[in-house]
Amino acid sequence: MITFEAVTKRYPDGTVAVDELDLEVPAGKTMVLVGPSGCGKTTSLRMINRLVEPTEGTILLDGTDIKARNPALLRRGIGYVIQQTGLFPHRTVEDNIATVPVLTGWPRKKARGRARELLALVGLDPALARRYPYQLSGGQQQRVGVARALAADPPVLLMDEPFSAVDPLVRASLQDQLLSLQAELQKTIVLVTHDIEEAIKVGDLVALFRPHGKLAQVAPPERLLAAPADDYVAGFVGFDRGIRRLSFVSTAGLDLDSGAVLPAEATVTQALDAGRPWICVTEAGHPRGWVDTAALATLPGGTPLGQVAAEPIGHPFTVGRDSLRAALDAAVLSPAGQAVAVDEAGGVLGVAAFDQLRSAIQHGAIQHGAIQREAAQAPDGPRGQETREVQHAQEGPVP
Amino acid sequence: MMWSWIPENASLIWQLTRENLYLGVVPALIGLAIALPLGIIAARWRWFYPPVLAAVNILYAIPSLALFIALIPAFGLTDTTVVIALTVFSLCVILPNVVAGLRGVPAAVTQAATAMGYGPLRRLMTVELPLAVPVIIAGLRVGVVSGISLASLGQLIGVSSLGYLFIDGLQRSFPTEIYVGLFLVIVLALVCDLILVAIRRALTPWAAAQPERRQRRLRQLTEVTP
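Small disclaimer: the values here were computed from a predicted structure and weren't measured.

(A) Representation of the overall build of chain B. Helix and strand content of chain B: 10 helices and 0 strands. Taken from N to C terminus, the helices and strands of chain B fall in the order α-α-α-α-α-α-α-α-α-α. Against the 2.2 N^0.38 benchmark of 17 Å for 226 residues, chain B shows a C-alpha radius of gyration of 22 Å, more extended than a compact globule. Projected onto its principal axes, the C-alpha positions of chain B cover 75 × 45 × 25 Å. A burial count over chain B gives 36% of its 226 residues as buried. Taking the intrachain contacts of chain B between residues at least 6 apart in sequence as the baseline, contacts between residues at least 24 apart amount to 74%.

This is the structure in structure tokens:
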């Protein structure tokens, strides 16, 4: 656990970077510091491993004042990942990763063995071990940076805009990986970002800073979206926070209409008898396309639906795994204005119209628990409490 | 051009070449040995560098012959006089490179090293100096090549080098000697330069040639990231 007690950082020219910060980062949780540039989030991060010394106040690591620790030894127990990776250009990937173990006196051979384990852990080919950093792509370098930070298995990980320098696709995959690593390793992570989406995606808790180092709100992401403390927070979170909040509402238990789903072998007459404006046609259980029943009246009644021109589905959503946000997006993109629900195997379960989605949204808004993160590989447990109440116990099952 | 003169004087030519090599390389190495600590201090405490650089530039502006003459009262017409003078010149070209090399280490790298628990000395020896090697060797190359060419001036105060062939050839109006001397100075400089390039390549396998780097980058851009 990391505790900031009335921490202030004032520079000699009078600039206040961090102003009386009180913050508690629970053990095993991810705390995201987010805010505009110049809000003191990076300064706060760097005070934890004493790259910056506070002017006033105390920072405790597991109850011990970090000022009492030797800086070099303190830092060897804290992983550090930065945007520019900071990889050593003159060392191979494995020697980069082995840095802290070697510093703490491991034999080089053992440290390199550990480096190879970590390569696998962060999803890199062990064949990259002997390459130099310049031979890797930006995303690969960033993974090596994470592996290096984890090498000595430190309980605490500091990440300063770790994913800001890579393209959005790579960023999303790095974020997903961080979530699954965290589900496995349960590190105490402090991550700095200016991207509120990233904060909401990866944080167990989000600390939103105002300019000049004042805290605006600390809360779990869905609380931040549902109940911003003031206009500043609401403005920073964005005008579409209502929709984004649906990322935390599950589609399990959504009311689905299976009457609007027919196989390709069904006939035009059956489609008209269904009494729905649009029919979702399936082929071997999988979605094939939308058929507009208004266009069917002129066709012979015995024509199989498989032979009728169909509109594309767009994307379906997976019940239980995808969030209501994904379901709503699917409905918006669909020509029928309805989202196609599929199971894990991709088989159609039914369709959901705006009406069903709306009632699920209203229901979901008051419902806590059963909240799933969109796109997360490792769903985790309940995330409904306020800052001080967050449970330290291990979270839900890891698939 | 009298080709037969060369084999007839082979042993003289060989001796002069070795002397010239000594006068070119030794001052550059001493210059490096002085430039390293000075450069490390200058890179660490910024206020230290401007006065040192000014002093070094003033020394560099002194004509080499004048410096030889100024040193003669203390060291006489000896190798030492030439070595000291050439050391001063090589220091002038190597020192700025040591400072630039150390300052050129990306801030993110030094910060990451500190954050991983390196002490200042260990960081300097195992991170900063290795990364400054290409720039330092670039300075050393200039120092060695100019040292080899300046060494011939030592002949003017009687210190033996390939410069002997120029002066003797001029006095005897015997161009062959001058051509041979010129050829050997150039060859010596080129060979030393190539050796330094080879040393740099061996020391810095991580800094591949620029075009190759660009090719690799291209390959990565077309490759799918996992």
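Still to come is the rest of the account.
(B) Looking closely at the environment of D193 of chain B. All names here are of chain B. Its location among the elements puts D193 in helix α9 (residues 175–203). Take D193: there are 16 C-beta atoms within 10 Å of it, and that puts it in the partly exposed class. As a C-alpha pair, D193 and I148 span 45 residues in sequence and 11 Å in three-dimensional space. The contact partners of D193, leaving out residues within four places of it in the chain, are R141 and V145.

(C) Inspection of the packing of helix α2 (residues 10–44) of chain B against helix α5 (residues 79–103) of chain B at higher detail. Residues and elements named next belong to chain B. Between α2 and α5, whose axes approach to 6 Å, the crossing angle comes to 40 degrees. The angle between α2 and α5 falls in the class oblique. Crossing handedness for the pair α2 and α5: right-handed. Grouping the amino acids of the contact of α2 with α5 by side-chain chemistry returns 22 nonpolar, 4 polar and 1 charged.

(D) Local environment of the interface of chain B and chain A. Taken together, the 20 residues of chain B in the interface contact 24 residues of chain A. Ranked by residue count, the leading element in the side of chain B that touches chain A is helix α6 (residues 107–115) of chain B, at 6 residues. Here the residues of the side of chain B that touches chain A are counted per class, giving 11 nonpolar, 7 polar and 2 charged.

(E) Focus on helix α4 (residues 64–75) of chain B. Between its terminal C-alpha atoms α4 of chain B stretches 15 Å, which fits the 16 Å expected from 12 residues at 1.5 Å a residue. In the stretch just after α4 of chain B, G76 of chain B is the one whose phi turns positive, near 70 degrees.

(F) Spatial organisation of the sheet that holds strand β3 (residues 30–34) of chain A. Residue and element names in this part refer to chain A. Here we have 6 strands laid out as an open sheet, ordered β6-β7-β8-β3-β9-β10, and mixed in their pairing. Because the sheet does not close on itself, it has two edges, and the strands there are β6 (78–82) and β10 (214–219). Going across the sheet, the axis of each strand differs from the next one's by a mean of 15 degrees, ignoring polarity. By the bridge criterion, 5 bridges tie strand β9 (residues 205–210) to β10 in an arrangement that is antiparallel. Residue V206 lies in a different strand from β10, and its bridge partner there is A219.

Each value, and the rule that gives it
- Residues numbered from 1 in each chain as written.
- Chains lettered and ligands numbered in written order.
- Predicted model: local features only at pLDDT ≥ 70, side-chain atom pairs only at ≥ 80, totals over all residues.
- Helix = DSSP H or I, 4+ residues; strand = E, 2+ residues; numbered from the N terminus.
- Rg over C-alpha atoms; globule rule 2.2 N^0.38 Å.
- Buried ≥ 20, exposed ≤ 12 C-beta atoms within 10 Å, placed from the backbone.
- Contact = placed C-beta atoms within 7 Å.
- Axes fitted to C-alpha atoms, helices over the stretch in contact; angles between N-to-C directions.
- Parallel < 35°, antiparallel > 145°, perpendicular 65-115°, else oblique.
- Left-handed = near helix turned anticlockwise from the far one by under 90°.
- Nonpolar A, V, L, I, M, F, W, Y, C, P; charged D, E, K, R; others polar.
- Expected span 1.5 Å × (residues − 1).
- Pairing = 2+ DSSP bridges.

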